[in-house]
Every structure is written in structure tokens, then in C-alpha cells.
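Chains, contacts and geometry: an overview
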Amino acid sequence: MPAGTLYRGREGMWSWVAHRVTGVLIFFFLFVHVLDTALVRVSPQDYDKVVATYKTPIVALLEYGLVAAILFHALNGLRVIAVDFWSKGPRYQKQMLWTVVGIWVVLMIGALYPVLGHAAREVFGS
């Protein structure tokens, strides 16, 4: 496969950027998660305060963003694998990208209530 085949066109460029950005965001989340989990051994009271902040509606929106990042990164990663290892992958990369986006949208719609339901009840009442 010639260099640059995977990311031809505007869609390919944006999928490349989105894949890198979501990877960095996921790494940042994992770093913060390790730090806050380690806090329980240092100061259980501070750990409880940190965990309490995670139950706010704003953090619920951030969790929804995390779900979005993980889902896109995983689905696009499967697409990249298909392009790299399937002989017809480069030919169908654009169609596979739009398939990934379609599946991602459906899954994100399905994640709305499970991830944001608690926050919506807190903001708008039961």
C-alpha cells in the first residue's frame, strides 16, 4: 500500500486527527483515574470528596464525552486494521469510515439515557 493511502481526502484527514485526539483524551482520563484511585491510600476523606464531585451533572457530560471518545477510537481502530490487513481495505476506506460514523452515532444515542439519565433527573427532577 503506498504511503498516504489510508488518509486520502478530507474525511481521511479528519479521521486521522480524531483518532489521535481521542487517543490522547483516553490517555489523560486513564492518568487522572490512576491518580484519583491512588488517593484512597493517601487520604480516604479526600478520595470521598473527589468521588462526590464525580456525581455532578457536569461530570456526567464529561463521562458522555469519554464514552464518545472510547467508542470512536475503538471503531475507527477496527477500520484502520481492516484498511491495513484486508487487501480491499484501501479501496473501501471511505465507506468503512462512514459505516464507523453511523455505528458510532447509533451507539451514542443508545448511551444517552444510561450515561446522562442520572444527571437529567438531578437537574430537572424525577
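Given the structure is predicted, the values throughout are model-derived calculations rather than measurements. (Residues numbered from 1 in each chain as written. Predicted model: local features only at pLDDT ≥ 70, side-chain atom pairs only at ≥ 80, totals over all residues. Heavy atoms only, no water.)

Secondary structure assignment for the protein chain yields four helices and zero strands. Ordering the α and β elements of the protein chain from the N terminus gives α-α-α-α. Taken over C-alpha atoms, the radius of gyration comes to 19 Å for the protein chain, far larger than the 14 Å a tight globule of 126 residues would show. Considered along the principal axes of its C-alpha atoms, the protein chain spans approximately 55 × 35 × 20 Å. Burial analysis of the protein chain (126 residues in total) assigns 26% to the buried set. Across the protein chain, the fraction of contacts at a sequence separation of at least 24, relative to all contacts at a separation of at least 6, is 68%. (Helix = DSSP H or I, 4+ residues; strand = E, 2+ residues; numbered from the N terminus. Rg over C-alpha atoms; globule rule 2.2 N^0.38 Å. Buried < 20%, exposed > 50% of the residue type's maximum accessible area, 1.4 Å probe, protein only. Contact = heavy atoms within 4.5 Å.)

Let's shift gears to the UniProt feature "transmembrane region" (unreviewed entry) in the protein chain. As annotated by UniProt and renumbered to match this structure, "transmembrane region" (unreviewed entry) occupies residues 21-42, 54-75 and 96-116. Annotated as 86% helix and 0% strand, the span residues 54-75 places its first and last C-alpha atoms 27 Å apart. Between the end C-alpha atoms of residues 96-116 there is a gap of 29 Å, over a span that is 100% helix and 0% strand. (UniProt positions renumbered as here; feature names shortened; annotations may be inferred.)

Quick look at the nonpolar core now. Within the largest apolar cluster, eight residues are counted, these being A60, Y64, A68, M108, A111, V115, L116 and A119. In terms of residue count, the dominant contributor to this core is helix α4 (residues 93-124) (five residues). Not counting chain neighbours up to four residues away, the residues in contact with A111 comprise Y64, V67 and L116. (Core = buried A, V, L, I, M, F, W, Y, C linked by side-chain atoms within 4.5 Å.)

Turning to the packing of aromatic side chains, a few remarks are in order. Applying the stated criterion across every chain, the model contains one aromatic pair. Considering the side-chain rings of W86 and Y92, the 5.7 Å spacing of their centres and the 20° angle between planes classify their relative orientation as stacked. Residue classification places W86 among the partly exposed residues on the basis of a relative accessible area of 40%. (Phe/Tyr/Trp six-rings, centres within 6.5 Å; stacked < 30°, edge-to-face > 60°.)

Moving on, we come to the environment of E11. Within the secondary structure, E11 sits in helix α1 (residues 9-42). For E11, a relative accessible area of 25% puts it in the partly exposed group. Sequence-wise, E11 and K94 are 83 residues apart; in three dimensions their C-alpha atoms are separated by 7.4 Å. Discounting chain neighbours no more than four positions away, the residues touching E11 are K94, L97 and W98.

Under the criterion given, the structure shown has one salt bridge. Between K49 and D46 there is a salt bridge, with the nearest N and O atoms lying 4.0 Å from each other. Residue K49 and its partner D46 are both found in helix α2 (residues 44-53); the two are separated by three residues, about one turn of the helix. Assessed through its relative accessible area of 57%, K49 is described here as exposed. On the basis of relative accessible area, D46 is assigned to the partly exposed category, the value being 34%. (Salt bridge = Lys/Arg side-chain N within 4 Å of Asp/Glu carboxyl O.)

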